[in-house]
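Take a look at the letters that make up each chain.
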Amino acid sequence: MSTVQALEPGSRHDLRVGLSPDAPDEDKVKDEAGAFGYCHSYETSSRYDGPGLRVVLFVSGCLLRCTYCHNPDTWHLKDGTYVSVDQVLRRLGDFAPSLQALGGGLTISGGEAMVQLAFTRRIFAGAKKMGLHTAVQTSGFLGDRADTAYLAEIDLVLLDIKSSDPDTYKRVTERDIAPTLRFAERLASLGKPVWVRFTLVPGETDDPANVEGIAKFVAPMKNVEWVEVQPFHQMGSFKWKTMGLEYKLENTQPPSRDLVNRVIGQFRAAGCNAR
Ligand code: SF4
């Protein structure tokens, strides 16, 4: 049985491993009550993960294995800190007045929030009670789990669409693309605000046809407020090495400004608000 601990503030770039060695595997977790869960860290002043100033909570557990993942230390619940919802909300409450004043709120990222559905639902519900804007960053792979009650607690979905081509998606994430596209279509039918995020990795996701496929899929969706092109970087590479994982992108450079502009241009040409 994991022991409840204090969750330290920090950065998504801090390496944290082995904090809850007896935690269940992320694909077997039974998160029915959701009063406790596993978290990596939290940041208190992000301006990149939703509107305004955000507290970003990074939860542990993810079922994808993206080749370019910056945070492989969020894949396993056992690497996270075991905390209670009450602890999380008490800490969030300290920041709530500032977040409200600066038009921000809470974003839950990861890892994948929907691995611990009941836990993250309680946190979102608590944040809403404080009057905060709420956002989830997700791959959408577990989108079928997000029932109406879950989505009702979320104001904005930051949806990672990593590829439009099923083979590329499988190669890059080790999972199928269909659940993500299904979730995107459901969010569109509900009119739920979405920012699509696309990680631009030279040699992995930059093929013009791949970008074109996402752009054409997203452009008709009136609920998609932004498409954000996120350039690959190497800030997470030390984690792969320290954790003894095979890192295939060791020699991959961040995309050039020209490549970023080409991709943004492709999204704009299709009719998306892209940046
Ligand atoms: S979905 Fe996110 S956390 Fe999970 S492996 Fe991919 S980049 Fe990493």
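The structure we're discussing is the one just above.
None of these values were measured; they are calculated from a predicted model.

Participant: How should I be thinking about the site of the ligand in this particular structure?
Facilitator: Around the ligand sit Cys62, Leu64, Cys66, Cys69, Thr74, Trp75, Gly111 and Lys162, and that is every residue in its neighbourhood. Structurally, the ligand is housed in the largest pocket. Residues belonging to the shell around the ligand are distributed by class as follows: five nonpolar, two polar and one charged.

Participant: In this structure, what is going on with the pattern of salt bridges? I would like to understand it.
Facilitator: Between side chains of opposite charge, pairing is possible as soon as their charged atoms come close. Evaluated as defined, the whole model comprises 18 salt bridges. In this structure, Asp144 and Arg182 form a salt bridge, with 2.6 Å as the shortest nitrogen-oxygen distance. Of this pair, Asp144 sits in the loop between β5 (133-138) and α3 (148-152) while Arg182 is found in helix α5 (residues 178-190), placing the two residues 38 residues apart along the sequence. We classify Asp144 as exposed; its relative accessible area is 51%. For Arg182, a relative accessible area of 42% gives the class partly exposed. One continuous salt-bridge network, built from bridges that share partners, spans Arg12, Glu43, Asp49, Arg197, Glu228 and Arg275.

Participant: Explain the state of the cysteines to me, please; I cannot follow it from the model alone.
Facilitator: By definition, a disulfide is the covalent link that joins the sulfur atoms of two cysteine residues. The tally for this structure, following the rule as stated, stands at zero disulfides. Summary of cysteine pairing: Cys39 is not part of a disulfide, and the nearest cysteine sulfur, belonging to Cys62, is at 15 Å. Residue classification places Cys39 among the buried residues on the basis of a relative accessible area of 0%.

Participant: Could you clarify how one ought to interpret helix α8 (residues 257-269) in this entry?
Facilitator: Given 3.6 residues per turn, any residue in an α-helix points the same way as the ones three and four places further on. The end-to-end C-alpha distance of α8, which contains 13 residues, comes to 18 Å, matching closely the 18 Å that a straight helix rising 1.5 Å per residue would cover. Restricting attention to buried positions, one finds in α8 the residues Leu259, Val260, Val263, Ile264, Gln266 and Phe267. Down the axis of α8, the sector holding all buried residues measures 150°, keeping them to one side. The outward face of α8, more than 90 degrees from its buried face, is lined by the exposed residues Arg257, Asp258, Arg268 and Ala269. Contacts from the buried residues of α8 go to β7 (194-200), α6 (208-218) and β8 (224-231). Just downstream of α8, Gly271 is the residue with a positive phi angle, here 105°.

Participant: What am I meant to see in helix α2 (residues 117-129) here?
Facilitator: When the terminal C-alpha atoms of α2 are compared, their 18 Å separation across 13 residues agrees well with the 18 Å that a helix rising 1.5 Å per residue should span. Of all the positions in α2, only Leu117, Ala118, Phe119, Thr120, Ile123, Phe124, Gly126 and Ala127 are classed as buried. Backbone geometry just downstream of α2 places Gly131 in the positive-phi region, at approximately 85°.

Participant: Sorry, what's going on with the layout of surface pockets here?
Facilitator: Summary: where empty space remains is shown by rolling a probe the size of a single water molecule over the atoms. Roughly 960 Å³ of internal volume is contained in the largest pocket. Along its surface, the largest pocket is lined by 36 residues, and Arg12, His70, Gln137, Arg197 and Gln230 are the ones closest to its centre. Elements represented by at least two residues in the lining of the largest pocket include exactly β1 (36-46), β5, β7 and β8. Of all the elements, β8 adds the most residues to the lining of the largest pocket, at four residues. Class assignment of the residues belonging to the lining of the largest pocket gives a composition of eleven nonpolar, 15 polar and ten charged. Roughly 250 Å³ of volume is contained in the second largest pocket.

Participant: Quick question: what am I supposed to make of the packing of aromatic side chains here?
Facilitator: Here the distance between the centres and the angle between the planes together describe a pair of aromatic rings. Across all of its chains, the model carries six aromatic pairs by this definition. The interplanar angle of 90° and the centroid separation of 5.4 Å between the aromatic rings of Trp75 and Trp240 together place this pair among those described as edge-to-face. Taken together, the residues Trp75 in the loop between β2 (54-59) and β3 (81-84) and Trp240 in helix α7 (residues 237-242) connect sequence positions 165 residues apart. The exposure class assigned to Trp75 is buried, which follows from its relative accessible area of 7%. Pairing Trp240 with Tyr247 gives two aromatic rings, centres 5.2 Å apart and planes at 40°, and the pair type is tilted. Residues Trp240 and Tyr247 agree in their burial class; the two are buried. Arg275 extends its terminal NZ or CZ atom over the ring of Trp195, reaching a point 4.8 Å from the ring centre. Its guanidinium or amino end placed over the ring of Trp226, Arg275 lies 4.0 Å from that ring's centre, counting from NZ or CZ.

Analysis parameters
Residues numbered from 1 in each chain as written. Predicted model: local features only at pLDDT ≥ 70, side-chain atom pairs only at ≥ 80, totals over all residues. Heavy atoms only, no water. Near = heavy atom within 4 Å. 1 Å grid on protein atoms, 1.4 Å probe; cavity = no way out; pocket = protein on both sides within 12 Å on 5 of 7 lines; lining within 4 Å. Sits in = over half its atoms within 2 Å of the grid points. Nonpolar A, V, L, I, M, F, W, Y, C, P; charged D, E, K, R; others polar. Salt bridge = Lys/Arg side-chain N within 4 Å of Asp/Glu carboxyl O. Helix = DSSP H or I, 4+ residues; strand = E, 2+ residues; numbered from the N terminus. Buried < 20%, exposed > 50% of the residue type's maximum accessible area, 1.4 Å probe, protein only. Disulfide = S-S within 2.5 Å. Expected span 1.5 Å × (residues − 1). Arc of directions from axis to C-beta. Contact = heavy atoms within 4.5 Å. Points joined across faces, edges and corners; volume = space filled by probe spheres on them. Phe/Tyr/Trp six-rings, centres within 6.5 Å; stacked < 30°, edge-to-face > 60°. Lys NZ or Arg CZ within 6 Å of the ring centre and 35° of its normal.

The values reported here are purely geometric and, on their own, carry no functional implication.
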